[in-house]
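# Structural overview for review
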Amino acid sequence: MADSGSKEEKEPESEAKDENYGYSLYPERSGSKYKQGSIGESLFTFKHKCHIMLQFAMDTSPYAKLLLAAMRSSGCAVHKDRHFSCEDCDGTVSGGFDAATSQIVLCQNNIHQQAHMNRVVTHELIHAFDHCRARVDWFSNPRHLACSEIRAANLSGDCSFLNEVSRFNFGLRAHHQECVRSRALRSILAVRKVSREEAELVVDEVFDSCFRDHAPFGRIPHTKMDARFSFRDFESRDRYHANL
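Once that is clear, we can look at empty space enclosed by the protein. Scanning all chains against the criterion turns up one cavity of 30 Å³ or more. Estimated volume of the largest cavity: approximately 40 Å³. In terms of lining, the largest cavity is formed by Ala153, Asn154, Gly157, Asp158, Cys159, Ser160, His176, Ile220, Pro221 and His222. For the lining of the largest cavity, the per-class residue count stands at four nonpolar, five polar and one charged.

Shown next, in the form of C-alpha cells:
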C-alpha cells in the first residue's frame, strides 16, 4: 500500500490498487460497508473508539507529537480528519500508510488498547514523514520501501524491550537490530508479492544506512523518556540557532 513520492512519476491511484500493493488487507480502501459519517457507521463499528484513541495519541504521545511537529515544520502539516482514517482491515494488520491519498489507515477492528494505538500511529507517521521529506518511490523501488520499514520498526517503539518481552522474544547482543530486521521483513512480505529471499536481500542492502537514520528523533527512542527528550530538543532547536 504505497505510492510514488515523486510528483513527476506519480502512479495513478487506480493503477496502484489494480497491482494490489497490499490493498487487499484494507478492504475499505475499495468501498466501505457504511457510508462515511452515517449512523450505521457510528453504531456498528469501532470507529468512535478509534477516533478517541487517535486523538489521545496525538495529544499525549511524545513520539507522535514530535513527528507531527516535524512534518508541520517540513511543510506537511497533518490534519486528523484529512490524513487519518479508521477502517476495518484484514486481521493480520494494525495500520498502513496509503501514499496514493497521503492517508494513514488505522485498523479499528484490530486496535483495542491505547498503547497499541500509540505505536501504530507512530509507525505510520514515520512512513508519512519519509513520504514528506524524500522522493520515495514506494511502488517501483523496493529499497525505498525497505528503508522506511526499517526506520519505522527502529524508531516507533515496535522493538522496545517491553514489547519484545510481551512477545516472548528474548535476546542479548544486537537483539534490537534483529527485531528491526525481522519486523521490516514481515511488513514487506505483507504488502509485496516477493519471495522471502528477495525481501531479505533488499533489507540487507539498505539496513545499515537506514538503521542509522534517526530523523527526526536524533536518537533511537527506546522509551517514552527518550522520545520526550527528543521532542524537547526538537522544540528548542530554533532558540539554539537564534542565539548563535
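Having seen the structure, we can now continue with the description.
Time to look at the state of the cysteines. Here, disulfide denotes a covalent bond that connects the sulfur atoms of two cysteines. All told, the structure shown has five disulfides when counted by the stated rule. Between the sulfur atoms of Cys50 and its disulfide partner Cys86 the distance amounts to 2.0 Å. Taking the torsion about the S-S bond as the criterion, the Cys50 to Cys86 disulfide, at about -80°, is left-handed. One end of the pair, Cys50, is in helix H3 (residues 47-60); the other, Cys86, is in strand E1 (residues 84-87), with 36 residues separating them in the sequence. Overall, Cys86 belongs to the buried group, its relative accessible area being 2%. Sequence-ordered numbering of the bonded cysteines in the chain gives a disulfide pattern of 1-3, 2-6, 4-5, 7-10, 8-9.

On to the sheet that holds strand E3 (residues 103-107). Overall, mixed pairing links the three strands, which are arranged E1-E3-E2 in an open sheet. The open sheet is flanked by E1 and strand E2 (95-98), the only strands paired with a single partner. Ignoring which end each strand starts from, the neighbouring axes of this sheet average 20° apart. Pairing geometry for E2 and E3, over four bridges, is antiparallel. Note that in E3 the partner of Asp98 across the bridge is Gln103. Sitting on the sheet, H3 touches E1 and E3, and the angle it makes with E1 is about 145°. Where helix H6 (residues 114-133) meets the sheet, its contacts fall on E1, E2 and E3, and the angle it forms with E2 comes to roughly 20°.

Over its 14 residues, H3 extends 20 Å from the first C-alpha to the last, a length consistent with the 20 Å expected when each residue adds 1.5 Å. Buried within H3 are the following residues: Lys47, Cys50, Met53, Leu54, Ala57 and Met58. For H3, the arc enclosing every buried residue in end-on projection is 140°, short of the 170-degree limit, so these residues lie on one face. Exposed residues pointing more than 90 degrees away from the buried face of H3 are listed as His48 and Ile52.

Grouped together as the largest cluster of nonpolar side chains are 57 residues, with contacts concentrated most on Phe84, Leu106, Met117, Val121, Leu125 and Ile150. Here Leu125 is in contact with Ala64, Leu67, Leu68, Met71, Val78, Phe84 and Ile104, once residues within four sequence places are set aside. Counting six residues, the second-largest nonpolar core is a separate cluster that includes Leu25, Val93, Val105 and Cys107.

Rules of the game
Residues numbered from 1 in each chain as written. Predicted model: local features only at pLDDT ≥ 70, side-chain atom pairs only at ≥ 80, totals over all residues. Heavy atoms only, no water. 1 Å grid on protein atoms, 1.4 Å probe; cavity = no way out; pocket = protein on both sides within 12 Å on 5 of 7 lines; lining within 4 Å. Points joined across faces, edges and corners; volume = space filled by probe spheres on them. Nonpolar A, V, L, I, M, F, W, Y, C, P; charged D, E, K, R; others polar. Disulfide = S-S within 2.5 Å. Helix = DSSP H or I, 4+ residues; strand = E, 2+ residues; numbered from the N terminus. Buried < 20%, exposed > 50% of the residue type's maximum accessible area, 1.4 Å probe, protein only. Pairing = 2+ DSSP bridges. Axes fitted to C-alpha atoms, helices over the stretch in contact; angles between N-to-C directions. Contact = heavy atoms within 4.5 Å. Expected span 1.5 Å × (residues − 1). Arc of directions from axis to C-beta. Core = buried A, V, L, I, M, F, W, Y, C linked by side-chain atoms within 4.5 Å.

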